[in-house]
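# Close look at the chain arrangement
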Amino acid sequence: MTLSCRTLLLLCWFYIGLLGVCYAGDPFVDYELEFSYITASPLGVPQQVIAVNGEFPGPTLNVTTNYNVVVNVINKLDESLLITWPGIEMRRSSWQDGVLGTNCPIPPKWNWTYRFQVKDQIGSYHYVPSINFQRAAGGFGGFVITNRKIIQLPFDMPDGDIVLTIGDWYTRNHFVLRDSLDTGKHLGMPNGVLINGKGPFKYKSSVPDGINHTTLNVDPGKTYRIRVINVGVSTCLNFRIQNHNLVLAEAEGHYTTQQNYSSFDIHVGQSYSFLVHMDQNASSDYYIVASGRFLNQTGWQRVTGVAILQYSNSNGKASGPLPDPPNDIYDHSFAMNQAMSIRMNNSASGARPNPQGSFHYGSIKVTDTYVLRTVPPLKINGKLRASFNGISFVNPNTPVRLADNHNVKGSYKLDFPKMPVNRPPLVDRSIINATYKGFAEIILQNNDEVVQSFHMDGYSFFVVGMDYGNWSENSRGSYNRWDAIARSTTQVFPGGWTSILVYLDNVGAWNLRTVNLDRWYLGQETYMRIINPEDHDQKTELPVPNNALFCGALGHLQKPQRTLYSAGSTIREQSRWKLLLLMAFAAVVYMMMF
């Protein structure tokens, strides 16, 4: 039967339309990140660091709201690797979270491709290694999600966008550092503080010669958005720029009310955006400082990161003393008041056209309360361990949701205590059996001796209260129920508590952890397992990815990997085949018509 030209044309347009429907949607962006060792001397001492694509720190990944992100991670280290994405919510896909409870590690000389969507997110984030204490050696970089063009910024478009990573640093490599913890020792004082992977400017004679420092080149009269991320091991750092105001504009993906600060405390794992106007004269360069906080200051004066802000018409080098840090040795309320001064900008649009403040969290009834208490590390069965509620977590051999999917029994326990327990701590695989679409109140009670950062993967939560002493039900009277900042990492001061509220609508298994690397390594973490009991067709959660790695009880399912494929080439091949299919069909139609 011969088809008419009209019918053929209609079929052609039908198939073209079908291809468009099948492959339309949010754009894809792909990256390839190769993790390898290089030798660097950030503090003047040659040492082995983890580079990303040959860079230390690694490159900043720039994407736009709602983009589908494909990152091919190539592991050229001599040990297993996992990369996690703090603050990226990974909607419905904890498979991509990059921690041991959700992913099998990437073996040496292998690669693995992460695929996730930055759905309805904007702001300043980062990526870091999550296992083997590797974060202490590098392997980190910035991750920036910009607004869609249709969404207006709540401030004038800056003249430039700058990412700064800051963090405490040891000249001992990460193998030695983790061995110290394994043998019951503490890490001790770090050797310095790095700014963008470089050591301090020679601001005083005791700083050794030959250390490279970071310089930010700016133009007078312009305003820059400076994103600052603390990727360090365990030290809160006070950030300041000599003679310049820091206008806080964003905290981990949420716009804040814009307030001026002369200096700002940035805890481990936290990220902020500041608007900095270059309104000073150019008689000289200016110091950028990141110095330790909440520490015994004896000896810590040398552990200071110093970079340079240089105007394009500068007349000379910076000199003289560094700008002073906060003078609050006898006023412990200063840091807490600064933390609680960070408020959500409820009139600003975020990733969506409607204002972020349209979610009235303060009027929602709490369904579950968890009190997570931390204490100083102590020995359990002869090994130094850290804990939440008397549980020092040991990661399952088979990741949580992978075990669920393959009916592996005994991989973990759903008996994590909601409240602190009155017994000696123990090592276990207990996780939280959380309620899907529950509204949880989580109180972080820090009975440890150091300030800590707490992080929750897969979510942003509202930081509604913090204080010194022990939390009680009466503490709820001090909660901010209107414009508390939403974020994924918060500080908990020693001898104090922080309270957060979170709506548990993102299914999967999500890591709760102390970001302080020593405590995390020693077991101060757990997971929230959040499953939709009515989801029989697995529509709420994305299925197991077809490139999933297998380990533990499922290790026999893993096939050998022969080559390190490129994520980018995979996408390009798919596009090429779609184009060839369309061209072939059009050619057939053309020949039948004529």
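Above this text sits the structure in question.
Summarised in this report is the structure supplied together with it. Computed from a predicted model, the values in this text were never measured in an experiment.

Reading the values: rules and limits
Residues take numbers from 1 onward in each chain, read along the sequence in its written order. Given that this is a predicted model, residues contribute local features only at a pLDDT of at least 70 and side-chain atom pairs are listed and counted only at 80 or more, while totals for whole chains, interfaces and linings are drawn from all residues. The basis for every side-chain value is the complete set of heavy atoms in the structure, and neither hydrogens nor water enter the calculation. In DSSP terms, a helix is any run of H or I states spanning at least four residues, a strand is any run of E spanning at least two, and both are numbered starting from the N terminus. Residue-level accessible areas treat just the shown protein chains as cover; the underlying method is Shrake-Rupley with a 1.4 Å probe. Here's how the labels work: a residue is buried when its accessible area is under 20% of the maximum for its type, exposed when over 50%, partly exposed in between, all with a 1.4 Å probe on protein chains only. Any Lys or Arg side-chain nitrogen located within 4 Å of an Asp or Glu carboxyl oxygen qualifies as a salt bridge. We call a pair of cysteine sulfur atoms a disulfide whenever their separation is within 2.5 Å. What counts as a ring pair is set by centres within 6.5 Å for rings of Phe, Tyr and Trp (its six-membered ring), and what kind of pair is set by the plane angle: stacked under 30 degrees, edge-to-face over 60, tilted for all other angles. Strands qualify as paired when DSSP identifies two bridges or more between them. Helix axes are fitted only over the stretch in contact, all axes being lines through C-alpha atoms; the angle between N-to-C directions runs from 0 to 180 degrees.

### With respect to the overall build of the chain
When helices and strands are tallied, the chain shows six helices and 33 strands. Total accessible area on the chain is roughly 25500 Å²; 52% of this is exposed by carbon and sulfur atoms.

### Brief notes about unusual backbone geometry
The omega angle of the peptide bond from Phe56 to Pro57 is -5 degrees, so this bond is cis rather than trans. Locating Pro57 in the fold gives a position in the loop between β2 (47-52) and β3 (61-64). Despite not being glycine, Lys109 has its phi angle at roughly 70 degrees, a positive value. With respect to the secondary-structure elements, Lys109 resides in the loop between β5 (83-84) and β6 (111-117). The exposure class assigned to Lys109 is exposed, which follows from its relative accessible area of 53%. Even without being glycine, Asp120 reaches a positive phi, approximately 55 degrees. Relative to the elements of secondary structure, Asp120 occurs in the loop between β6 and β7 (123-129). Here Asp120 falls in the partly exposed class, since its relative accessible area comes to 25%.

### As for the pattern of salt bridges
Overall, the coordinates contain 21 salt bridges when judged by the stated rule. Where Arg519 meets Asp518, a salt bridge forms, and the shortest distance between an N and an O atom there is 3.0 Å. Here Arg519 falls in the buried class, since its relative accessible area comes to 8%. Under the relative-accessibility criterion, Asp518 is labelled buried at 11%. Here the residues in one salt-bridge network are Arg401, Asp404, Arg529 and Glu541, joined through shared partners.

### What to know about the state of the cysteines
Cysteine pairs can be linked by a disulfide, which is a covalent bond between their two sulfur atoms. Overall, the coordinates contain one disulfide when judged by the stated rule. Here Cys104 pairs with Cys551 through a disulfide, and the sulfurs are 2.1 Å apart. Judged by the torsion about the S-S bond (-80 degrees), the Cys104/Cys551 disulfide is left-handed. A residue pair is termed long-range when its members are at least 10 positions apart, and Cys104 in the loop between β5 and β6 and Cys551 in the loop between β33 (525-531) and α6 (567-593) qualify at 447 residues.

### Here's the deal with the packing of aromatic side chains
Under the counting rule described, the total for this entry stands at 25 aromatic pairs. Aromatic side chains Phe133 and Tyr521 sit 5.4 Å apart centroid to centroid with 85 degrees between the ring planes, which places their arrangement in the edge-to-face category. On the criterion of sequence distance, the pair formed by Phe133 in the loop between β7 and β8 (141-146) and Tyr521 in helix α5 (residues 517-521) is long-range, its members being 388 residues apart. Its relative accessible area of 2% is what places Phe133 among the buried residues. Among the residues examined, Tyr521 registers a relative accessible area of 27% and is labelled partly exposed. Here Tyr286 and Tyr311 contribute two aromatic rings whose centre-to-centre distance is 5.8 Å and whose plane-to-plane angle is 55 degrees, an arrangement assigned as tilted.

### What to know about the sheet that holds strand β18 (residues 286-292)
Pairing is mixed across the open sheet formed by five strands, whose spatial order is β11-β19-β18-β13-β16. Strands at the two margins of the open sheet, each flanked by one partner only, are β11 (215-218) and β16 (264-266). Taking the axes of each pair of neighbouring strands and ignoring which way they run, one obtains an average angle of 25 degrees across the sheet. With six bridges joining them, β18 and strand β19 (residues 304-311) adopt antiparallel strand pairing. For Val289, the partnering residue across the bridge sits in β19 and is Val306.

### Some words on the pairing of strand β20 (residues 368-374)
A large share of β20 lies buried, amounting to six of its seven residues. As paired elements, β20 and strand β26 (residues 439-446) share seven bridges and run parallel to each other. Each bridged residue has a counterpart across the sheet, and for Thr369 the counterpart in β26 is Glu441.

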